[in-house]
Amino acid sequence: MNLISVISNNFDAFITVLVLIMSIILFVKNTIAPELTGLLCVGIFIATGVLSPEKALAGFGSPSLITLMGLFVVSSALFKSGALDRVRELISSERIKTSRKLISLIAFLIGPISGIVPNTPVVASLLPLFEGWCKRRNISPSKVLLPLSFATLLGGTLTLLGSSVNLLVSDISQQLGYGALELFSLTAIGIPVWLVGTIYMILVSDILLPDRGTNKDFNKNGDMNIYFTEVTVPSASELVGQSLRNSRLQRRFDVDVLEVQRNGEVILPPLADRKIEPNDRLIIRVTRADLFRLQQEHTILLGEKKRSYGVADVFSDDQGTKTFEALLPAGSTLAGASLRELRFRQRHNATVLALRRGQKTLQERLGQTVLRAGDVLLLQAPLDSIRGLQSSNDLLILDQFEDDLPVLIKKPISIAIAIGMVVLPSVSNIPLVGSVLLAVIAMVAFGCLRPAEIQKSIRLDVILLLGSLSSFSVAMQVTGLSDLIAVNLNFALNGMPLYFALVVIFVSTVILTQFISNAASVALILPVAIEFSNVLGISPSALIMLVLFGASQSFLTPMGYQTNLMVYGPGRYRFFDIAKYGAGLTLIMSFIVPALIILNYG
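Conventions adopted
- Residues numbered from 1 in each chain as written.
- Predicted model: local features only at pLDDT ≥ 70, side-chain atom pairs only at ≥ 80, totals over all residues.
- Heavy atoms only, no water.
- Helix = DSSP H or I, 4+ residues; strand = E, 2+ residues; numbered from the N terminus.
- Buried < 20%, exposed > 50% of the residue type's maximum accessible area, 1.4 Å probe, protein only.
- Contact = heavy atoms within 4.5 Å.
- Areas by Shrake-Rupley, 256 points an atom, 1.4 Å probe, with all protein chains shown as cover.
- Pairing = 2+ DSSP bridges.
- Phe/Tyr/Trp six-rings, centres within 6.5 Å; stacked < 30°, edge-to-face > 60°.
- Salt bridge = Lys/Arg side-chain N within 4 Å of Asp/Glu carboxyl O.
- Expected span 1.5 Å × (residues − 1).
- Bend = angle between axes of the 7 residues up to and from the residue.
- 1 Å grid on protein atoms, 1.4 Å probe; cavity = no way out; pocket = protein on both sides within 12 Å on 5 of 7 lines; lining within 4 Å.
- Points joined across faces, edges and corners; volume = space filled by probe spheres on them.
- Nonpolar A, V, L, I, M, F, W, Y, C, P; charged D, E, K, R; others polar.
- Patch = residues over 30% accessible without salt bridge, like charges linked within 9 Å, V, L, I, M, F, W, Y side chains within 5 Å.
- Axes fitted to C-alpha atoms, helices over the stretch in contact; angles between N-to-C directions.
- Parallel < 35°, antiparallel > 145°, perpendicular 65-115°, else oblique.
- Left-handed = near helix turned anticlockwise from the far one by under 90°.
- pLDDT = per-residue confidence, 0-100.

**Student:** Help me out: how do you make sense of the overall build of the protein chain in this one?
**Tutor:** Of the regular secondary structure elements, the protein chain holds 27 helices and nine strands. Scored against the burial criterion, the 602 residues of the protein chain give a buried share of 57%. Contacts in the protein chain between residues far apart in sequence, at least 24 positions, make up 78% of those at least 6 positions apart. Of the roughly 24200 Å² of accessible surface on the protein chain, a fraction of 60% belongs to carbon and sulfur atoms.

Here's what the structure looks like:
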């Protein structure tokens, strides 16, 4: 049956194809947040009658989504109670002296932790610790941070709880009539994948991981947190009348002045012999610590701070204000616009003090700089504004505040509850969602988490995205598109040996995952892949697992997964560094995973 003729004669199929094309474009271009794209598609399916409201919104009430919400709460309680303190001690141990030893610790210890704890908070919690380790050992962070991201991705396929994508696959599988996945359904394949990936990361780390630590422009005074910002020289500053060469900016703080703006004139390097005048605006490259010190000593004022010294210092914590770092994740609605266009200070009641962007030197005013995914902003804001930013998907807060510090006395209790949550479904008839919800109640009842913190711990953007994406698969099944696509693509796999056909499907999933979110790639590919089960003579469960593992192989681009972006800036990586280290791993998995699928389901 001709696919084009069927679509042209079937209104529902035609609308579904248009929605799918539109969603892919929006996912790739990041025009709007991914969860808004998902909700837009749900709205169109309902408005055009392709899906009834009950079917279109069924994903929001699925056991998998409720499980994920509970898992966010349990994970928050684990971190708050200091459950990873022992991991921190091991990283700081004198026995871990080389990058290879640290990567081994990452792979064999932190990887499995990601099997039950979402990887984003794991990376966010440990990232400052790894940076400090690199600084003490005089080792470039680029030699260890990428394995941290990759290890959490590999560990996320050990159990159903390891990733939100795993739960989405389980949900789609149940909706399509193939049953939900069990807690350890992935483990038989996940363990070999994790072991092979671990061995690869350890063996090739010295060869394929770049060493960016020798770049002195980005390693001033041993501090790796180099920011770009705009400052003003007040008339009372001791810098006035001095040349940049002889000023304390160079003698004590080793600040790089990239540009001087004076009375509307832009003065570019060489600047060493230029004398500083009152109200000069300087674009500088500076460490976070030096920026704080210069401002506290009234040597400079931050770019748009036009106030007297009698006002409270911008870096003080008076009236509950804090200075903190925040990452611009992939899919953020802030990307692609400048701070001035966004009216950032007015919208979020937060001031951007400085910006860090990989290795690129910024020579433009801070308010005019166009933000990009992966940027790290140094912000100052009141506590209530910080809480608002924490609940947003536009920024990922990297610093820890007093209210979030570990409640150490509850650590054994929280760990015991988490273990019980995993064990209970295996030894009883209690389903996983019930076990997770009981763990949430136990965490609150035993004081590991306050009731008010439950809502804050749940990532609403992830919930909205996953809840809406299940409508894609339902629409493709209801309109018959998945059957038609499978039939029309059958010629590509017809006569091909089973193993190579699985390799083709796996690689297709991996490639799509590099450009759109792995959750979206699962929702688009899974309904079609399942239809090949009869053609290939293998169970639908095998193809479900194949797509799941393919969507988890985000080893080629910084945008492939959020943890890749989180380590991209601190590691000072370049774009192709990710692919250089991850291409071999992706190639190996492309041949190993299909073989494991056949071994377990053939």
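**Student:** Please explain the pairing of strand 8 (residues 376-382) as it appears in this structure.
**Tutor:** On a regular strand, one side chain projects to one face of the sheet and the next to the other, so that they alternate. Burial runs high along strand 8: six of the seven residues are buried. Pairing analysis gives seven bridges linking strand 6 (residues 321-327) to strand 8, with the strands arranged antiparallel. Bridging across to strand 8, leucine 327 finds its partner in valine 376. Direction of pairing for strand 7 (residues 351-356) relative to strand 8: antiparallel, over a ladder of five bridges. Across the sheet, leucine 355 pairs through a bridge with leucine 377, a residue of strand 8.

**Student:** Is there a simple way to think about the packing of aromatic side chains in this case?
**Tutor:** Each aromatic ring pair is described using two quantities: the centre-to-centre distance and the angle formed by the ring planes. For the coordinates displayed, the defined rule picks out six aromatic pairs. Taking 6.1 Å as the distance between ring centres and 80° as the angle between the ring planes, the aromatic pair formed by phenylalanine 108 and tryptophan 194 counts as edge-to-face. Placement of phenylalanine 108 in helix 7 (residues 99-113) and of tryptophan 194 in helix 11 (residues 187-208) is noted, with a sequence separation of 86 residues between them. When its relative accessible area of 13% is taken as the criterion, tryptophan 194 is described as buried. A ring pair is formed by tyrosine 499 and phenylalanine 500, whose centres lie 5.3 Å apart and whose planes are at 75°; its orientation type is edge-to-face. Pairwise contacts between aromatic rings join Phe150, Tyr200, Phe555 and Tyr581 into one cluster.

**Student:** How should the pattern of salt bridges be read in this particular structure?
**Tutor:** Note that side chains of opposite charge can pair when their charged atoms are close. For the structure shown, the criterion picks out five salt bridges. Where arginine 262 meets aspartate 280, a salt bridge forms, and the shortest distance between an N and an O atom there is 2.7 Å. With a gap of 18 residues between them, arginine 262 in strand 2 (residues 256-262) and aspartate 280 in the loop between strand 3 (265-267) and strand 4 (281-287) connect regions that are remote in the sequence. Of the two residues, arginine 262 and aspartate 280, both sit in the buried class. Salt bridges linked by common partners bring Arg262, Glu277 and Asp280 together as one network.

**Student:** Looking at this model, I keep getting lost on helix 8 (residues 119-137). Mind explaining?
**Tutor:** Because each turn of an α-helix spans 3.6 residues, side chains separated by three or four positions in sequence point in the same direction. Taking 1.5 Å of rise per residue, the 19 residues of helix 8 would be expected to cover 27 Å, and the 26 Å separating its terminal C-alpha atoms lies within 8% of that figure. Remark: the principal bend of helix 8, roughly 35°, maps to leucine 126, with a proline, proline 128, within the next four residues. A positive backbone phi angle near 55° is found at asparagine 138, which sits one or two residues after helix 8.

**Student:** Looking at this structure, how should I read empty space enclosed by the protein?
**Tutor:** The rolling of a water-molecule-sized probe over the atoms marks out the regions of remaining empty space. Scanning all chains against the criterion turns up five cavities of 30 Å³ or more. Volume-wise, the largest cavity comes out at about 80 Å³. If you go around the largest cavity, the residues you meet are Asn119, Leu153, Gly156, Thr157, Ser163, Asn166, Asn518, Ala551, Ser552, Ser554 and Tyr561. Taken together, the residues that form the lining of the largest cavity break down as three nonpolar, eight polar and no charged.

**Student:** Would you mind showing me how to read unusual backbone geometry here?
**Tutor:** Trans is the common state for peptide bonds, and a negative phi is the common state for residues other than glycine. One non-glycine residue, asparagine 349, adopts positive backbone phi at about 50°. Tracing the sequence through the fold places asparagine 349 in the loop between helix 15 (344-348) and strand 7. In this structure, arginine 572 is a non-glycine residue whose phi angle is positive, near 55°.

**Student:** Mind showing me how you'd approach the environment of isoleucine 172 here?
**Tutor:** Structurally, isoleucine 172 is set in helix 10 (residues 164-175). You can call isoleucine 172 buried: its relative accessible area is 0%. In this structure, the C-alpha to C-alpha distance between isoleucine 172 and serine 473, residues 301 residues apart in sequence, is 7.0 Å. If we skip the residues at most four places from it in the chain, isoleucine 172 touches Ser473, Val522, Ala523 and Leu526.

**Student:** Looking at this structure, I do not really get the side chain of threonine 37. What am I missing?
**Tutor:** Tracing the backbone shows threonine 37 in helix 3 (residues 34-47). For threonine 37, a relative accessible area of 0% corresponds to the buried category. Among all residues touching threonine 37, those that are not within four sequence positions of it are Ser23, Leu26, Phe27 and Ile32.

**Student:** What is the right way to look at the pairing of strand 4 in this model?
**Tutor:** Judged by how many residues are buried, strand 4 sits mostly within the fold: seven of seven residues are covered. Residues of strand 4 alternate between two faces, with Arg281, Ile283, Arg285 and Thr287 on one and Leu282, Ile284 and Val286 on the opposite face, all of them buried. Relative to strand 4, strand 2 runs antiparallel, the two sharing five bridges. For valine 260, the partnering residue across the bridge sits in strand 4 and is leucine 282.

**Student:** Would you take a moment to explain a nonpolar patch on the surface for this structure?
**Tutor:** A surface patch of nonpolar side chains, about 340 Å² in accessible area, is lined by Ile415, Ile419, Val423 and Val427. Tracing the backbone through its elements, the reader meets isoleucine 419 in helix 17 (residues 411-427).

**Student:** How should I be thinking about the packing of helix 7 against helix 9 (residues 145-155) in this particular structure?
**Tutor:** The relative placement of two packed helices is expressed as an angle between their axes plus a distance between the axes. Packing of helix 7 against helix 9 brings their axes to within 9 Å, and their N-to-C directions diverge by 30°. Taken together, the axes of helix 7 and helix 9 are roughly parallel relative to one another. Here helix 7 and helix 9 pass one another in a crossing that is right-handed. Facing Ile103, Ile106, Ala107, Ile110 and Gly111 of helix 7, the residues of helix 9 in contact are Pro147, Leu148, Ala151, Thr152 and Gly155. For the contact of helix 7 with helix 9, the per-class residue count stands at seven nonpolar, three polar and no charged.

**Student:** Sorry, what's going on with the confidence of the model for the protein chain here?
**Tutor:** As a general rule, the predicted coordinates of low-pLDDT regions are not to be interpreted in detail. Averaged over every residue, the pLDDT of the protein chain is 80; the share at 70 or more is 86%. A low-confidence stretch, residues 214-224 stays under pLDDT 50, and its non-local contacts, those more than four residues away or across chains, total 29 contacts. Per-residue pLDDT stays below 50 along residues 305-318; that stretch engages in 29 contacts with residues further than four places along the chain or on separate chains.

**Student:** What am I meant to see in the packing of helix 9 against helix 27 (residues 575-601) here?
**Tutor:** Closest axis-to-axis distance for the helix 9/helix 27 pair is 11 Å, and the angle between their directions is 30°. Judged by the angle between their axes, helix 9 and helix 27 are roughly parallel. Between helix 9 and helix 27 lies a crossing whose hand is right-handed. In contact with Leu146, Pro147, Phe150 and Leu154 of helix 9, helix 27 contributes Asp577, Ile578, Tyr581, Gly582, Leu585 and Met589.

**Student:** Looking at this model, I keep getting lost on the side chain of aspartate 577. Mind explaining?
**Tutor:** Locating aspartate 577 in the fold gives a position in helix 27. Setting aside residues no more than four positions away along its own chain, aspartate 577 makes contact with Leu146, Pro210 and Arg212.

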